[in-house]
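Working through the structure, step by step
Listed below are the residues making up each chain.
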Amino acid sequence: MSDWVAACAAGDIDEEDVMRFDHGGRTFAIYRSPDDEYFATDGLCTHEKVHLADGLVMDDIIECPKHNGRFNYKTGDARGAPVCVNLRTYPVKVDAGKVLVQIG
Amino acid sequence: MARGMVIVGAGECGGRAALALRDLGYEGPVTLVGDEPHPPYERPPLSKDAMVSDAPEIRAIASDEVLAEKSIRHIHSVQAVAIDREAHKVRLSDGSVLPYDKLLLATGSTPRKLPMPGLGRRCVYLRTFADALAIRAHLRAGRRVAIVGGGFIGLELAAAARKLGAAVTVIEAQPRILMRGVPAEIAEIIHDAHVAEGVDILCCDGIASIADDGNEVRVTLAGGREIVADLAIIGIGAVPVTGLAAEAGLVIDNGIAVDAELRTGDPDIFAAGDCCSFPLAVYGGRRVRLEAWRNAQEQGALAARNMLGAGEAHAAVPWFWSDQYGLSLQIAGLADEGRSIVRRDLGDGAFILFHLAEDGRLVAASGIGPGNAVARDIRLAEMLIAKRAQPAPEALGSQAIKLKSLLAA
């Protein structure tokens, strides 16, 4: 099992928003849902490798800033054209005000 | 037995329509007819990433394997030459005949030809992957490229050509680049970026003559200036491909005229994408034709739903983007519907212009900035436009007020 990595402080992300997190040569997107839960996925859209952190979060959907590919960031499921490959998701927990991601 | 669905045109729109028919559970025959040898592929990279790649590759929307797996028959490298509406049949250039229950015309658009003599093999247009490869072969240090037309295709190619080290001159007859649909304030930033990268932009000067001896192109401008280039790329807009529809007696009005459900005057024939003009609900039914990737994609999927009887009206807000150097531009809505402009600065030089109608309704938003800096707010603006919102100009102009908060209002 790999370690939990601190991505940011819980207050760094607004509700219903996303931010970028880079670690160990990889890039991730960390989300805070409207109901105040945290989630993490790979950072790049599976369509054209555009970073999702510039995209719009609405409810449980992240939309790619370039071509509007949509994913459910809680499950990683691709939601229709132009994306067809799901996003990888990672376990997240909040501990002492820090958002921790388990990077497998 | 079902005659099935025939789609003429195997580009973004046709390809998406074919996939959508299967996604919707349609089990009858689906036939996709295209005049290129490739499976449906994405065209936007042709003037962008693919053009600067050492070995440009097709980005397929559905590979041959996927088409086979979904039982979508793809007849490639042929033209549809006639529609027999009464018999519900399409005749192809190889002599074969395809019966249909519903027919979708997704014939796209084709580059507008420069109407003057003197063009030869060094004068080229960009539409297809084959066109892109031919242009790519010329783009390298030491080559001189003349680009006729300061629109998106021309400017994206200018950026690509500079990246590859070619010398580039852009010739635009209008007073500035991007006259159509892009506010002057944004066009100026793109203009400056090109100049900073070493592109020579000549505005306000039409072409008097072109001489192409097969190795070199000599472009003489009305003002007397002469540009000598190894390659002239002509990007002066596109025209809808409507010949097949016109021959079949369908109404043509700046494209194949369809209703909000993308149906032509013939209840069994639909048209979608670049080739059609349609009423845009969000602007009171104003008839428009869009040459845009997302529109092709959305209308392809909508046509598929309506071919299966959904009866759903097109309700999307026009949207497109362009990438040049490190800049990305995005426009949602039709800027010419606006009467006043509110500017919102986003930092890092990125900003958005909100276009408001006389009654204060938000009708368009044009943004530019590095990377994808404007994407999120443009997307929110698009939702506000769709809602026919009348946001307070002060709120639009203030970075302190989140656009998302205006959506709830």
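Residues numbered from 1 in each chain as written. Chains lettered and ligands numbered in written order. Predicted model: local features only at pLDDT ≥ 70, side-chain atom pairs only at ≥ 80, totals over all residues. Heavy atoms only, no water.

Helix and strand counts for chain A come out as zero helices and 10 strands. Starting at the N terminus, the α and β elements of chain A follow one another as β-β-β-β-β-β-β-β-β-β. Against the compact-globule benchmark of 13 Å for 104 residues, chain A has a radius of gyration of 13 Å, which places it among compact chains. For chain A, the spread of C-alpha atoms along the principal axes amounts to about 40 × 25 × 20 Å. By the burial criterion, 50% of the 104 residues in chain A qualify as buried. Across chain A, every contact between residues at least 6 apart in sequence was considered, and the portion connecting residues at least 24 apart equals 41%. Counting only carbon and sulfur atoms, one obtains 46% of the accessible surface of chain A, whose full area is about 4700 Å². Of the side chains in chain A, 11 bear a positive and 18 a negative charge, and the two mean positions are spaced by 6 Å. (Helix = DSSP H or I, 4+ residues; strand = E, 2+ residues; numbered from the N terminus. Rg over C-alpha atoms; globule rule 2.2 N^0.38 Å. Buried < 20%, exposed > 50% of the residue type's maximum accessible area, 1.4 Å probe, protein only. Contact = heavy atoms within 4.5 Å. Areas by Shrake-Rupley, 256 points an atom, 1.4 Å probe, with all protein chains shown as cover. Lys, Arg positive; Asp, Glu negative; His and termini not counted. Charge placed at Lys NZ, Arg CZ, Asp CG, Glu CD.)

What follows is about the layout of surface pockets. Approximately 1000 Å³ is the volume found for the second largest pocket. Taken together, 42 residues line the second largest pocket, and the ones lying closest to its centre are Gly80(A), Ala81(A), Pro82(A), Arg16(B) and Gln297(B). Contributing elements (two or more residues each) for the lining of the second largest pocket: helix H1 (12-23), helix H8 (293-307) and helix H9 (375-386) of chain B. For the lining of the second largest pocket, the element with the highest residue contribution is H8(B), accounting for seven residues. Lining the lining of the second largest pocket are residues from two domains, each supplying at least three of them: domain 1 (5-110 + 238-307) and domain 3 (326-408) of chain B. (1 Å grid on protein atoms, 1.4 Å probe; cavity = no way out; pocket = protein on both sides within 12 Å on 5 of 7 lines; lining within 4 Å. Points joined across faces, edges and corners; volume = space filled by probe spheres on them. Domains from an automatic or database assignment.)

Quick look at the interface of chain A and chain B now. Of the residues lining the interface, 21 residues belong to chain A; the matching set on chain B comes to 21 residues. Taking both sides of the interface into account, the surface hidden between chain A and chain B amounts to around 1700 Å²; carbon and sulfur atoms contribute 44%. Counting across the interface, chain A meets chain B through six salt bridges. Here chain A and chain B share 14 residue pairs in polar contact (both at pLDDT 80 or more) between them. Mapped onto the side of chain A that touches chain B, the elements with two or more residues apiece are strand E2 (17-23) and strand E5 (56-58) of chain A. Ranked by residues supplied to the side of chain A that touches chain B, first place goes to E5(A) with three residues. Classifying every residue of the side of chain A that touches chain B by side-chain character gives nine nonpolar, four polar and eight charged. (Buried area = accessible area lost by both parts, 1.4 Å probe. Salt bridge = Lys/Arg side-chain N within 4 Å of Asp/Glu carboxyl O. Polar contact = N/O pair within 3.5 Å; in protein donor to acceptor, adjacent residues only side chain to side chain. Nonpolar A, V, L, I, M, F, W, Y, C, P; charged D, E, K, R; others polar.)

As a further point, take the sheet that holds strand E1 (residues 4-9) of chain A. Residue and element names in this part refer to chain A. A sheet is described by the order of its strands in space; here three strands give the open sequence E1-E10-E9, paired in antiparallel fashion. Edge positions in the open sheet fall to E1 and strand E9 (92-95), since each of these has one partner strand only. Averaged over all adjacent pairs, the angle separating strand axes in this sheet is 35°, with direction ignored. Two strands pair when backbone bridges link them, and E9 and strand E10 (residues 98-102) are joined in this way by four bridges, in the antiparallel orientation. (Pairing = 2+ DSSP bridges. Axes fitted to C-alpha atoms, helices over the stretch in contact; angles between N-to-C directions.)

Turning our eyes to something else, we now look at the domain arrangement of chain B. Residue and element names in this part refer to chain B. By domain assignment, chain B separates into domain 1 (5-110 + 238-307), domain 2 (113-234) and domain 3 (326-408). Its C-alpha centre places domain 2 at a distance of 31 Å from the equivalent point of domain 3. The partner domain 3 presents 11 residues to the nine residues of domain 2 that form the contact. Buried surface at the junction of domain 2 and domain 3, summed over both partners, amounts to about 770 Å²; 85% is from carbon and sulfur atoms. Contact with domain 3 buries area across many residues of domain 2, yet Glu185, Ile186 and Ile189 alone supply 56% of it, more than any other trio. The tally of links between domain 2 and domain 3 comes to one salt bridge. Linking domain 2 to domain 3 there are one residue pair in polar contact (both at pLDDT 80 or more). Tallied by class, the residues present in the side of domain 2 that touches domain 3 amount to seven nonpolar, one polar and one charged.

It is worth spelling out the pattern of salt bridges at this point. If you walk through the whole model with that rule in mind, you get 36 salt bridges over all chains. The shortest N-O distance in the salt bridge between Glu48(A) and Arg59(B) comes to 3.4 Å. Of this pair, Glu48(A) sits in the loop between strand E4 (38-42) and E5 while Arg59(B) sits in the loop between helix H2 (49-52) and helix H3 (64-69), which puts the two residues in different chains. Overall, Glu48(A) belongs to the partly exposed group, its relative accessible area being 21%. The residue Asp230(B) makes a salt bridge to Arg144(B) at a minimum N-O spacing of 3.0 Å. Residue Asp230(B) is located in the loop between strand E15 (226-229) and strand E16 (231-234), and its partner Arg144(B) is located in strand E10 (residues 144-148); the two are separated by 86 residues in the primary sequence. With a relative accessible area of 12%, Asp230(B) lands in the buried category. Through salt bridges with shared partners, one network takes in Glu63(A), Arg70(A), Arg294(B), Glu298(B), Arg379(B) and Glu382(B).

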